[in-house]
Amino acid sequence: MPGKVWLVGAGPGDIGLLTVKGKSVIEKADVIVYDHLVGMEILSSLDDKKKLINVGKLSGHHPIPQEQINRILVEEAEQGQRVVRLKGGDPFLFGRGGEELAELQRCGIPFEVVPGVTSSLAVPAYNGIPVTHRDYASSVHIITGHKKREGEESVDYEALVRSKGTLVFLMGVTALPDIRRKLLEAGMDPKVPAAILQEGTTAGQRKVTATVGELEEKAREAEIRPPAIIVVGDVCRLAETLSWRERLPLYGRRIVLTRPRKLMAALAERLRAEGAEVLEVPTIQTVELDDDQRLVCSFQKIEKYDWIVFTSQIGVRIFFEQMQLRKIDIRRLSGVRFAVIGEGTCGALCERGIYADVMPDVYDGESLGKVLAGQGIRGSRILIPRAEKGNEQLVPILEQAGAAVEDIPIYRTSFYTSQTVSVKKEIQKRKPDLVVFTSSSTVEGFVDAAKGLDYSEIKAACIGVQTARTASKYGMSCYTAAKATLEDLIGLICKILNGKDTENL
């Protein structure tokens, strides 16, 4: 049986403008065929375990011919795959989506269309320009700034001018001189308001407002570059009055997150709500270790432990998933006490309906060991399910206090490099305002993924002192959260990016 193709519009760039259905289809896909107009926030969030095919460019930076893209879609579907064709904006608005579906129809491949938010509406909205307004314009006209390679001009500029509606030109930066000239030749008043909007809905968003007569010169002075759209009409008078995105605390800021993807969502969501563009570029991954008889044995005698100690959210998740997999009744933990390294781990435990008995004020292994040793643990049996390479000070402290410790590795941390986003290339193209590190391993993974980068140009927000020391080792400019919590880390990020004084290590 053939597979199926979903033609999905990714929107203009902001990941928040990806539709709910689009996100759902992407998550269920086996293959994602994407192009260079898909926003970096969305590309950085794609699951690398899927088959990802970039049809935006080949080596040598030559666009892949449309016929080859069509063939890729058909061939992948014929292998029974669920294929998402991911396109920037809306796939039916100058996106050649109809051509791709025609080929699928000809080959008998089933398909669906998931419309996307088009930049022709969203980008003006993000710049405070409503494309229609009762006092200014009752119609909107969307025109491509690109011409077909063959044939004559197909746009009736005189009809557009007579409409008195808002005109939105997509892909029109290089064609701006022609567009301006033809509008004026068609009788448009050169004093009609206009705007050119670059990289709308992203951290690179820029706006130039002028009149039709002055727009070309003003755009040239501002060095406006693609991708950008041109808006012409009286609604542009509202651009300053109704601007809203510029007022967000982290507007125009680009932040790179490096922690494992499963732990990234909450932090990314909070920063985006403040107006930042967030690239999710995990630099480490956690791999659950193969079936370990030591863990199985610990489950068999689970009620005999006095304490279970968790040093990470991942450890909590894997431990309880393994309990469920092996049908270990959670009621067998009723007599066990729990210690956690910090608030994140405590929260992960709370999600299982269990509240920690001990948590240190300083969130590191040494502090956890000392506070637990103060609980009178001589003769106690303690289980520590954690990373293969855990804090080396924790176990000796507990053993010196007279406890019998079973330190069982249940996962391994390794470096990770994204298939869709080269962190090195992205930083070289446009230096981020901040890179956020939540452990020393995320720093080491970042350095591994961005070999040869000038790390002294990186401004690093670090969750703890040890993480900051590791980042400082590579010459990064480091700032450390007061406590190793999500709230304190977000507070630190906002202080740094808003220019407020904070300790620089």
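All chains use their own residue numbering, which begins from 1 and follows the written sequence. Thresholds applied to this predicted model are a pLDDT of at least 70 for local features of residues and 80 or more for the giving and counting of side-chain atom pairs; totals over whole chains, interfaces and linings are not thresholded and use all residues. Heavy atoms throughout the structure, all of them, feed into the side-chain values; hydrogens and water do not.

Caption draft 1: Spatial organisation of helix α17 (residues 465-473). Only protein chains enter the accessibility calculation, which uses a 1.4 Å probe; a residue whose area is less than 20% of its type maximum is buried, one above 50% is exposed, and one in between is partly exposed. By definition, any uninterrupted DSSP run of H or I lasting at least four residues is a helix, any uninterrupted run of E lasting at least two residues is a strand, and each is numbered from the N terminus. If you check which residues of α17 are buried, you get Thr467, Ala468, Thr470 and Ala471. Each buried residue of α17 sits inside an arc of 160 degrees when the element is viewed along its axis, so together they form one side. Along α17, the residues that are exposed and aim more than 90 degrees away from the buried face are Arg469 and Lys473. By definition, residues are in contact when any of their heavy atoms lie within 4.5 Å. Structurally, α17 contributes buried residues whose contacts are with β18 (434-437), α16 (440-449), β19 (459-462) and β20 (477-480). Note on α17: the residue one or two positions beyond its end, Gly475, has a positive phi of about 85 degrees. Relevant arc is that of directions from the helix axis to the C-beta atoms, nothing else.

Caption draft 2: Focus on α16. All of the buried residues along α16 are Thr442, Val443, Gly445, Phe446 and Val447. The inward-facing, buried residues of α16 abut β13 (284-288), β17 (404-415), α15 (423-429), β18 and α17.

Caption draft 3: Region of interest: the packing of helix α3 (residues 66-78) against helix α4 (residues 97-106). Convention adopted: a line fitted to C-alpha atoms gives each axis, helices being fitted over their contacting stretch, and angles between N-to-C directions are expressed from 0 to 180 degrees. Following both chains from N to C, one finds α3 and α4 inclined at 45 degrees, their axes separated by 10 Å at the closest point. As summarised for this structure, α3 and α4 are arranged oblique, according to the angle between their axes. You can see that α3 and α4 cross each other, and the crossing is right-handed. For the pair α3 and α4, contact is made by Gln66, Ile69, Asn70, Leu73 and Val74 and by Glu99, Glu100, Glu103 and Leu104, respectively. Geometric relationships in this document are graded by angle, where less than 35 degrees denotes roughly parallel, more than 145 denotes roughly antiparallel, 65 to 115 denotes roughly perpendicular, and other angles denote oblique. Each helix crossing is assigned a hand: it is left-handed if the near helix lies turned anticlockwise from the far helix by less than a right angle, otherwise right-handed if that turn is clockwise.

Caption draft 4: Looking closely at the pattern of salt bridges. For this document, the term salt bridge refers to a Lys or Arg side-chain nitrogen within 4 Å of an Asp or Glu carboxyl oxygen. Using the criterion set out here, one finds 38 salt bridges in the structure. Its salt-bridge partner being Asp234, residue Arg237 comes within 3.4 Å of it at the nearest N-O pair. On the accessibility criterion, Asp234 (31% relative accessible area) is partly exposed. Measuring nitrogen to oxygen at the nearest pair gives 3.0 Å for the salt bridge that ties Lys370 to Glu366. Separated by four residues within a single helix, Lys370 and Glu366 lie in helix α13 (residues 365-373), roughly one turn from each other. On the basis of relative accessible area, Glu366 is assigned to the partly exposed category, the value being 28%. One network of salt bridges, in which partners are shared, links Asp35, Arg85, Lys87 and Glu100.

Caption draft 5: Layout of the pairing of β20. Pairing between β19 and β20: four bridges, direction parallel. Residue Cys462 lies in a different strand from β20, and its bridge partner there is Thr480. With α17 bridging β19 and its parallel neighbour β20, the resulting β-α-β unit is right-handed. In this description, strands pair whenever DSSP reports at least two bridges between them. Seen with its strands pointing away from the viewer, a crossover is right-handed when the path leading from the first strand over the helix to the second is clockwise.

Caption draft 6: Inspection of the sheet that holds β20 at higher detail. Sheet architecture is open: five strands sit in the order β12-β11-β18-β19-β20, paired in parallel fashion. Each having just a single partner strand, β12 (277-280) and β20 make up the two edges of the open sheet. Each neighbouring strand pair of the sheet contributes to a mean axis angle of 25 degrees, computed without reference to strand direction. Here strand β11 (residues 254-257) pairs with β12 via four bridges, running parallel. Among the inter-strand pairings, Leu257 is bridged to a residue of β12, identified as Glu280. Across the sheet, helix α18 (residues 486-497) touches β11, β18, β19 and β20, and the angle it forms with β19 is around 155 degrees.

Caption draft 7: Up close: the sheet that holds strand β1 (residues 4-9). Overall, parallel pairing links the five strands, which are arranged β3-β2-β4-β1-β5 in an open sheet. The open sheet has two edge strands, β3 (51-54) and β5 (111-114), and neither has a second partner. Across the sheet, the mean angle from the axis of one strand to that of its neighbour is 20 degrees, orientation sign disregarded. Relative to strand β4 (residues 82-87), β1 runs parallel, the two being bridged by six bridges. Residue pairing for β4: Leu7 is matched across the bridge by Arg85.

Caption draft 8: Spatial organisation of a nonpolar patch on the surface. Only residues whose relative accessible area exceeds 30% and that take part in no salt bridge are eligible for patches, with like-charged residues grouped when within 9 Å of each other and nonpolar side chains (Val, Leu, Ile, Met, Phe, Trp, Tyr) grouped when within 5 Å. To measure how exposed things are, a 1.4 Å probe is used in the Shrake-Rupley method; for residues, cover is taken only from the protein chains shown. There is a patch of nonpolar side chains on the surface, built from Phe94, Leu121, Val140, Ile142 and Met171 and spanning about 360 Å² of accessible area. Positionally, Ile142 belongs in strand β6 (residues 140-144).

Caption draft 9: Quick look at the state of the cysteines. Disulfides are defined as cysteine sulfur pairs within 2.5 Å. Throughout the structure, instances matching the rule amount to zero disulfides. The thiol sulfur of Cys350 is not disulfide-bonded, and the nearest other cysteine sulfur, from Cys346, lies at 4.2 Å.

Caption draft 10: Structural detail: the nonpolar core. Residues belong to a common nonpolar core when they are buried Ala, Val, Leu, Ile, Met, Phe, Trp, Tyr or Cys residues joined through side-chain atoms within 4.5 Å. Core analysis: the largest hydrophobic core is formed by 39 residues, its most contacted members being Ile32, Val84, Leu86, Phe437, Phe446 and Met476. Ranked by residues supplied to this core, first place goes to α16 with three residues. Those residues within four positions of Met476 in sequence are excluded, and the remaining contacts are Phe437, Val443, Phe446, Val447, Tyr455, Ile458, Ala460 and Ala471. Counting residues in hydrophobic clusters, the runner-up holds 26 residues, among them Ile308, Ile318, Leu333 and Ala348.

Caption draft 11: Quick peek at the pairing of strand β2 (residues 31-34). Along β2, one buried face is formed by Val31 and Val33 and the opposite face, lined by Ile32 and Tyr34, is buried too. In this sheet, β3 lies alongside β2 in parallel orientation, the contact comprising four bridges. Bridging across to β3, Ile32 finds its partner in Leu52. Handedness of the crossover joining β2 and β3 through helix α2 (residues 40-45): right-handed. Bridging between β2 and β4 involves four bridges; their strand directions are parallel. Of the residues in β4, the one forming a bridge with Val33 is Arg85.

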